[in-house]
Number of protein chains: 2
Amino acid sequence: MSQQTKYLLNESQMPRFWYNLQADLPKPLPAVLHPGTMKPVSPDDLAPLFPMSLILQEVSQEREIEIPEPVRDVFQLWRPAPLFRAHRLEKALGTPARIFYKYEGGSPAGSHKPNTAVPQAFYNKEAGVKRLVTETGAGQWGTSLAFAGSLYGMEVEVFQVRVSYDQKPYRRAVMETYGARCFASPSTETAYGRSVLAKDPHHPGSLGIAISEAVELAVQRDDTKYALGSVLNHVLLHQTIIGQEAMLQMEMADTWPDVVVGCTGGGSNFAGIAFPFIGHGLRGGPKPRIVAVEPAACPSLTRGKYAYDFGDTGHMTPLTKMHTLGSQFTPPGFHAGGLRYHGMAPMVSHVKELGLIEAVSYNQVDCFEAGVLFARHEGIVPAPEANHAIKGAIVEALRCKAEGKVETILFNLCGHGHFDMTSYQKYFAGELTDEHYDEAELAMALAGLPSVPEPV
Amino acid sequence: MSQQTKYLLNESQMPRFWYNLQADLPKPLPAVLHPGTMKPVSPDDLAPLFPMSLILQEVSQEREIEIPEPVRDVFQLWRPAPLFRAHRLEKALGTPARIFYKYEGGSPAGSHKPNTAVPQAFYNKEAGVKRLVTETGAGQWGTSLAFAGSLYGMEVEVFQVRVSYDQKPYRRAVMETYGARCFASPSTETAYGRSVLAKDPHHPGSLGIAISEAVELAVQRDDTKYALGSVLNHVLLHQTIIGQEAMLQMEMADTWPDVVVGCTGGGSNFAGIAFPFIGHGLRGGPKPRIVAVEPAACPSLTRGKYAYDFGDTGHMTPLTKMHTLGSQFTPPGFHAGGLRYHGMAPMVSHVKELGLIEAVSYNQVDCFEAGVLFARHEGIVPAPEANHAIKGAIVEALRCKAEGKVETILFNLCGHGHFDMTSYQKYFAGELTDEHYDEAELAMALAGLPSVPEPV
């Protein structure tokens, strides 16, 4: 080859353990609180929702947690995932920086989400669970859980945020191809959904509402558990395989990132690429800058409050300390549904508070512009969510150009955009505009945060 | 790993040469004829359409033709492509057969088409061509050429068959993301398109019509060439990288196919997987059965006539000897647009006549049923075209079950179905029916084949 573009690991190099950042944190995570007692939840409190194996991963302090062999067998379908050098984008930008991207769009669902959907389905199957119920924003997570459920012969029910259900009809068809059932949320399937519809029959929905609906159904049935596609510690843990592979691949490329960039909605793809590098730095390795890029229309890390809040709108979940816009905040209906969440993963919020990461936000039109530039030079049409990471990486590359610095930039291209072409159509038709939240609504949502007694 | 599912080649194992079956044929291909003189065409006759490097590949008798290094550099984005063992499908079918599939859906366009789009754009760029014009059926080829054009900074114009343009709006958005211009064909952009619309303003279009439109535009402009996504010898040549890789991977899996299955529209993905195995057999290696699967609604190999015919409906192309339903035949609008072509690649037709391959046809509902079974067990949602190959492989696997034979079946999964979810929606809604052509129309189209004097 005249120039190496791809860094590929062989099967035997697929990581055998997930990396748990909790083991290396200088300060432990704040406790998760029971909303009734305001006391830390016990594993038993979570048992109606999750199998015990996942609950134990949620609280584990072990640095390495073994990936079950049957899960690694399924991972072969798309893992190890490639790392690419973006030579053509570098040239187009005229930057001296080296830009690398980890590509997670090669999975059957087209994103990083199967990295956690498969182990979640596996552990639930092992625990005798018959049915999984979940929510989905952009549809990536619902598709992924439907895919994983089909492999294990489990029923899957998905509450899809209505604005996404309407914008992305093909996503539903994929979920049904995998045998799952889909409901537009808010739905009439649950008491909570019906209460939301009673107030506003045209409610666009939100992840927070869809979570409430899924949780409501899960706790009602003995043979059913809930599965979440982001936010929780065990979900972020499963995604660390991205960064673990990337570390091996950066070594193959004989370099190390100066900057690691990921987009953040709930936080899972960001944590996946970033946490192994953060941990490596905390254990004495080099400390790259870690940049979380979020949508300006839903800026939990940059505009939210670090406080205890509910994970859902209907207040059925425990309270976690996180950057939040308030559980009653409904993000505007912009085209990166996977980033439309009022909160941020507690682990990501915690490392932000510890000063281990930076956060920035960009508007969607700028992000689409970055995504189209990327597609025309690198050949992959990115998901709207991933466009935020690309925008972040381009900003860093242009900084390097201005400063004349030869830095290495690594970002996570968490999914392809083949299901998101409606939004590209709008972009090219000039119909895509920047969405803005209502400042008064945000202030009200923040004012409505639950009051939690100071911990002892 | 408890069981190996994936057979992956490393970068250094990517083939450096395409395999040219013409070198090993027991009998040479019939000549291509000039429609005016009925004499064999010369390379110069084709020069208005293609750069000389591709014309020379079209007629080359060399067994190995080098893949240019810059093309291999681009191929790194998705090649070498994985070979998978379909363990879960085997189990679901209860077959003793070993089912392997080569997966070409990992390319940026989601199918095998970039395997030829990239070298075609490369050779045109080298020849100083500024603009490429083409047609597309399912949209896979137009997307692929748009992708390749964007990498080389070339303009791309695509005539998309109207029924596909309407069924697959997202395809157009992808082409535009890559910077291409799209027209629904028949269009008002060309004299031929206008003549078709004058007779039937609601004509659903066909590949044959779209080819005429693209050829018309290409010959009118000095800086513009035509690019074809299937049928021609050089296109099939470029696709042989699929089978060459598969041969290395079958060796890794310590087996060799007893049956090789591919779907056939124009013939390129089929030739890609099959020709290296056919050639290997002709040179003294084992001779697997080679099965071409075509749609019952457009059955050129199984119901067409082996005769000289035009490649397009407007009669602007040379005459080639092939299995054809007649250039005036308009296939019904079924959901595998990539297989809606009246003719068959001359090379594929020739090996059929030589008895080197078999051909079968299946209806679309049966093929979707096979595709959904595959998705639920193997995890990849296949393109409707690829569902034909899956159906063919399943029929072979069930034959092995009935006969108690442990055979090895290899098929080409030429693309994913993420752009084709409309057709899956219809399938699940029970709205997908088998399409049938009109027997009288077929008879008339066959009766209208051009009369060609017997060769000397």
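It is worth spelling out the overall build of chain A at this point. A tally of helices and strands in chain A yields 18 helices and 15 strands. A compact globule built from 456 residues should have a C-alpha radius of gyration of about 23 Å, and chain A, at 20 Å, falls within 12% of that. Counting only C-alpha atoms and orienting by the principal axes, one finds that chain A spans roughly 60 × 50 × 50 Å. Per-residue burial over chain A gives 66% buried out of 456 residues. The long-range fraction of contacts in chain A, counting pairs at least 24 apart against all pairs at least 6 apart in sequence, stands at 77%. In the form shown here, chain A has an accessible surface area of approximately 14,800 Å², with 51% of it arising from carbon and sulfur atoms. Distance between charge centres in chain A, computed from 39 positive and 48 negative side chains, equals 3 Å.

Turning next to the relation of the copies chain A and chain B. Its rotation angle being 180 degrees, the transformation that places chain A on chain B also includes 0.0 Å of axial translation and leaves an RMSD of 0.0 Å. Put plainly, the chains are arranged around a two-fold axis. Same-surface contact between copies: 100% of interface residues of chain A are shared with the interface of chain B.

Moving on, we get to the packing of aromatic side chains. Residues and elements named next belong to chain A. Evaluation of the coordinates by the stated rule reveals 35 aromatic pairs over all chains. When the ring of Tyr 427 is compared with that of Phe 428, the centres are 5.4 Å apart and the planes differ by 70 degrees; the resulting orientation is edge-to-face. According to the relative accessible area criterion, Phe 428 is partly exposed, its value standing at 31%. Of note, Lys 391 hangs over the ring of Tyr 362, and the distance from its end group to the ring centre comes to 5.5 Å.

Right, let's talk about the interface of chain A and chain B for a bit. Between chain A and chain B, the contact holds 53 residues from the first and 53 residues from the second. Between chain A and chain B lies a buried interface of about 4,600 Å² when both sides are counted; carbon and sulfur atoms form 58% of it. At the boundary of chain A with chain B, the tally comes to two salt bridges. For the salt bridge of A:Lys6 with B:Glu11, the shortest nitrogen-to-oxygen distance reads 3.6 Å. Run the count over chain A and chain B and you get 20 residue pairs in polar contact (both at pLDDT 80 or more). Of all elements in the fold, only α3 (69–75), α6 (140–151), α8 (169–177), α15 (364–378) and α17 (421–428) of chain A reach the threshold of two or more residues within the side of chain A that touches chain B. When the residues that make up the side of chain A that touches chain B are grouped by side-chain class, the tally is 27 nonpolar, 16 polar and 10 charged.

The next subject is the pattern of salt bridges. All names here are of chain A. Evaluated as defined, the whole model comprises 40 salt bridges over all chains. Across the pair Lys 102 and Glu 245 runs a salt bridge, and its minimum N-O distance is 2.7 Å. With Lys 102 in strand β5 (residues 98–103) and Glu 245 in helix α11 (residues 233–252), the pair connects residues that are 143 residues apart, well separated along the chain. Each of the two residues, Lys 102 as well as Glu 245, counts as buried. Connected through shared salt-bridge partners, Arg 289, Glu 358, Glu 396, Arg 399, Glu 403, Lys 405 and Glu 407 make up one network.

Moving on: the side chain of B:Ser349. The residue B:Ser349 is located in helix α14 (residues 346–353) in this model. Non-local contacts of B:Ser349, meaning those with residues more than four positions away in its chain, are made with B:Tyr306, B:Met322, B:His323 and B:Met344.

Peptide bonds are, in most cases, trans, and in most cases residues other than glycine have a negative phi. Following A:Arg79, the chain continues to A:Pro80 via a peptide bond in cis, the omega torsion being -10 degrees. Relative to the elements of secondary structure, A:Pro80 occurs in the loop between α3 and β4 (83–85). At the junction of B:Ser185 and B:Pro186, the peptide bond is cis and its omega measures out at 5 degrees in the coordinates. Phi is positive for A:Val231, close to 70 degrees, though the residue is something other than glycine. With respect to the secondary-structure elements, A:Val231 resides in the loop between β9 (224–226) and α11. We classify A:Val231 as buried; its relative accessible area is 9%.

Moving on to the sheet that holds strand β9 (residues 224–226) of chain B. Residues and elements named next belong to chain B. The parallel open sheet is built from four strands, whose spatial order is β8-β7-β6-β9. At either margin of the open sheet sits one strand with a lone partner, and together these are β8 (181–185) and β9. When strand polarity is set aside, the average angle formed by the axes of neighbouring strands in this sheet is 25 degrees. Relative to strand β7 (residues 155–161), strand β6 (residues 131–136) runs parallel, the two being bridged by six bridges. Paired with Val 133 across the bridge in β7 is Glu 157. On the sheet, helix α10 (residues 207–220) packs against β6, β7, β8 and β9 and is oriented at approximately 165 degrees with respect to β6.

Here B:Phe374 shows up in helix α15 (residues 364–378). Once you skip the residues sitting within four places of it in the chain, B:Phe374 turns out to touch B:Leu89, B:Tyr101, B:Gly379, B:Ile380, B:Pro382, B:Ile390, B:Phe411 and B:Leu413.

With that out of the way, let us pick up helix α5 (residues 114–126) of chain B. All names here are of chain B. Helix length check: α5, at 13 residues, gives a terminal C-alpha distance of 18 Å against a target of 18 Å (1.5 Å per residue), a fit within 8%. Listed in full, the buried residues belonging to α5 are Pro 114, Asn 115, Thr 116, Ala 117, Val 118, Pro 119, Gln 120, Ala 121, Phe 122, Tyr 123 and Asn 124. Among the residues trailing α5, Gly 128 stands out with phi positive, at a value near 85 degrees.

This paragraph deals with the confidence of the model for chain A. Of all residues in chain A, 99% attain a pLDDT of 70 or more, and the chain-wide mean is 95. The complex model carries a pTM of 0.95, and its ipTM stands at 0.93.

Before going further, it helps to spend a moment on the packing of α6(A) against α8(A). Relative placement of two packed helices is described by the angle separating their axes and the distance separating the axes. Residues and elements named next belong to chain A. Packing of α6 against α8 leaves a shortest axis separation of 8 Å and a crossing angle of 10 degrees. Here α6 lies roughly parallel to α8, going by the angle between them. Residues Gln 140, Gly 142, Thr 143 and Ala 146 of α6 form the contact with α8, whose participating residues are Arg 171, Val 174 and Met 175. Split by residue class, the contact of α6 with α8 holds three nonpolar, three polar and one charged.

Most of strand β7 (residues 155–161) of chain A is tucked away, with six of its seven residues classed as buried. Viewed along the sheet, the connection from strand β6 (residues 131–136) of chain A through α6(A) into β7(A) turns out right-handed.

Residue and element names in this part refer to chain A. With 15 residues, α15 should reach 21 Å at 1.5 Å per residue; the first-to-last C-alpha distance of 20 Å fits that figure. Those residues of α15 that fall on the buried side of the exposure criterion are Gln 364, Cys 367, Phe 368, Ala 370, Gly 371, Val 372, Phe 374, Ala 375 and Glu 378. Just downstream of α15 lies Gly 379, where phi reads positive at about 95 degrees.

Another aspect to go through is the packing of α15(B) against helix α16 (residues 384–403) of chain B. Residues and elements named next belong to chain B. Across the interface, α15 lies against α16 with an axial gap of 8 Å and an inter-helix angle of 85 degrees. With respect to α16, the element α15 is oriented roughly perpendicular. Judged by residue contacts, Asp 366, Cys 367, Phe 368, Ala 370, Gly 371, Leu 373 and Phe 374 of α15 engage Pro 384, Asn 387, His 388, Ile 390, Lys 391 and Ile 394 from α16. Residue composition of the contact of α15 with α16, grouped by class: eight nonpolar, three polar and two charged.

The next point concerns the pairing of strand β5 (residues 98–103) of chain B. All names here are of chain B. Of all six residues in β5, five are buried; the element is thus mostly enclosed. Pairing of strand β4 (residues 83–85) with β5, which is carried by three bridges, proceeds in the antiparallel orientation. Note that in β5 the partner of Leu 83 across the bridge is Lys 102. Bridge count for β5 against strand β15 (residues 408–413) is six bridges, and the pairing is parallel. In the strand pairing of β15, Ile 99 is matched with Ile 409.

What follows concerns the sheet that holds β7(A). Residues and elements named next belong to chain A. As summarised here, the arrangement of the four strands in space is β8-β7-β6-β9, forming an open sheet in which the pairing is parallel. Two strands lie at the open edges of the sheet, namely β8 (181–185) and β9, each paired on one side alone. On average, each strand axis in the sheet is tilted by 25 degrees relative to the strand beside it, whichever way the strands run. In terms of strand pairing, β7 meets β8 through five bridges, oriented parallel. What sits directly across from Gln 160, in β8, is Ala 184. Its contacts with the sheet place α6 against β6 and β7, and it is angled at close to 165 degrees to β6.

Criteria and thresholds
Residues numbered from 1 in each chain as written. Chains lettered and ligands numbered in written order. Predicted model: local features only at pLDDT ≥ 70, side-chain atom pairs only at ≥ 80, totals over all residues. Heavy atoms only, no water. Helix = DSSP H or I, 4+ residues; strand = E, 2+ residues; numbered from the N terminus. Rg over C-alpha atoms; globule rule 2.2 N^0.38 Å. Buried < 20%, exposed > 50% of the residue type's maximum accessible area, 1.4 Å probe, protein only. Contact = heavy atoms within 4.5 Å. Areas by Shrake-Rupley, 256 points an atom, 1.4 Å probe, with all protein chains shown as cover. Lys, Arg positive; Asp, Glu negative; His and termini not counted. Charge placed at Lys NZ, Arg CZ, Asp CG, Glu CD. Least-squares fit on C-alpha atoms with pLDDT ≥ 70 in both. Phe/Tyr/Trp six-rings, centres within 6.5 Å; stacked < 30°, edge-to-face > 60°. Lys NZ or Arg CZ within 6 Å of the ring centre and 35° of its normal. Buried area = accessible area lost by both parts, 1.4 Å probe. Salt bridge = Lys/Arg side-chain N within 4 Å of Asp/Glu carboxyl O. Polar contact = N/O pair within 3.5 Å; in protein donor to acceptor, adjacent residues only side chain to side chain. Nonpolar A, V, L, I, M, F, W, Y, C, P; charged D, E, K, R; others polar. Pairing = 2+ DSSP bridges. Axes fitted to C-alpha atoms, helices over the stretch in contact; angles between N-to-C directions. Expected span 1.5 Å × (residues − 1). pLDDT = per-residue confidence, 0-100. Parallel < 35°, antiparallel > 145°, perpendicular 65-115°, else oblique. Right-handed = clockwise from strand over helix to strand, strands pointing away.

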